[in-house]
Amino acid sequence: MRFSHKKFYGIVGILLSGLCSLSLVGCFGTAGATTRMPGGDPAQGAIALRDYGCHSCHVIPGVRGANALVGPPLTAWAQRHYIAGTLSNTPENLRYWLQYPQSVEPGTAMPDLGVTEQDARDMGAYLYTLTGNEIQWWVGN
């Protein structure tokens, strides 16, 4: 079977656009609004984020007084793909980071705060509720 040049380039174009689409999935990863922290309670997480003083360094939508810019804003956490620029944004990696940031990235500005495993799970559960829609709320206040 012979194809005309026009048909050949059309097929090649379709295949290349499909390949590009698949490669973008790798760039954007699987983090998203459906990520959940096993054993975590988002309501308790918001309280723990405040109790551990996270609001002193970060913007955290929905946490009273969390509007500092010492550390990165934690807005749209569910859409993020990396934690501290090196760990994939998975529930287990987030729990570990919240408990032991100095082990993950020695010398990071984020201190080890003695976060318990349950508090880390609760904090992670709250962070995974932040999908990006709350950014407009924060900007407006």
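Residues numbered from 1 in each chain as written. Predicted model: local features only at pLDDT ≥ 70, side-chain atom pairs only at ≥ 80, totals over all residues. Heavy atoms only, no water.

Examining the side chain of Asp122
- Within the secondary structure layout, Asp122 lies in helix H5 (residues 117–127).
- Here Asp122 sits buried without a salt bridge, and the closest side chain of opposite charge, Arg121, lies 7.9 Å off (N-O distance).
- Setting aside residues no more than four positions away along its own chain, Asp122 makes contact with Gly39, Gly40, Asp41, Pro42, Gln44 and Gly45. (Helix = DSSP H or I, 4+ residues; strand = E, 2+ residues; numbered from the N terminus. Buried < 20%, exposed > 50% of the residue type's maximum accessible area, 1.4 Å probe, protein only. Lys, Arg positive; Asp, Glu negative; His and termini not counted. Salt bridge = Lys/Arg side-chain N within 4 Å of Asp/Glu carboxyl O. Contact = heavy atoms within 4.5 Å.)

Re the confidence of the model for the chain
- The predicted model of the chain has a mean per-residue pLDDT of 81, with 71% of residues at 70 or higher.
- Contacts of residues 15–33 to residues separated by more than four positions or lying in other chains number 15 contacts, the stretch itself having pLDDT below 50. (pLDDT = per-residue confidence, 0-100.)

Focus on the nonpolar core
- In this structure, Leu49, Ile60, Trp77, Leu94 and Leu127 are the most contacted members of the largest nonpolar core, which totals 23 residues.
- Where this core is concerned, the elements lending two or more residues are helix H2 (42–51), helix H3 (91–99) and H5. (Core = buried A, V, L, I, M, F, W, Y, C linked by side-chain atoms within 4.5 Å.)

Things to note about H5
- The element H5 is largely enclosed, with a buried count of 8 among its 11 residues.
- Buried residues of H5: Ala120, Arg121, Asp122, Met123, Gly124, Ala125, Tyr126 and Leu127, and no others.
- Turning to H5, the residues buried within the fold contact H2 and H3.

Let's talk about H2
- Along H2, the residues classified as buried are Gly45, Ala46, Ala48 and Leu49. Projected down its long axis, H2 shows its buried positions confined to an angular sector of 165°, all on one face. Of the exposed residues in H2, the ones pointing more than 90 degrees away from its buried face are Ala43 and Asp51.
- At the N-terminal boundary of H2, the capping side chain belongs to Asp41, with an oxygen 3.0 Å from the backbone nitrogen of Ala43.
- Looking one or two residues beyond H2, the residue adopting positive phi is Gly53, at roughly 85°. (Arc of directions from axis to C-beta. Polar contact = N/O pair within 3.5 Å; in protein donor to acceptor, adjacent residues only side chain to side chain.)

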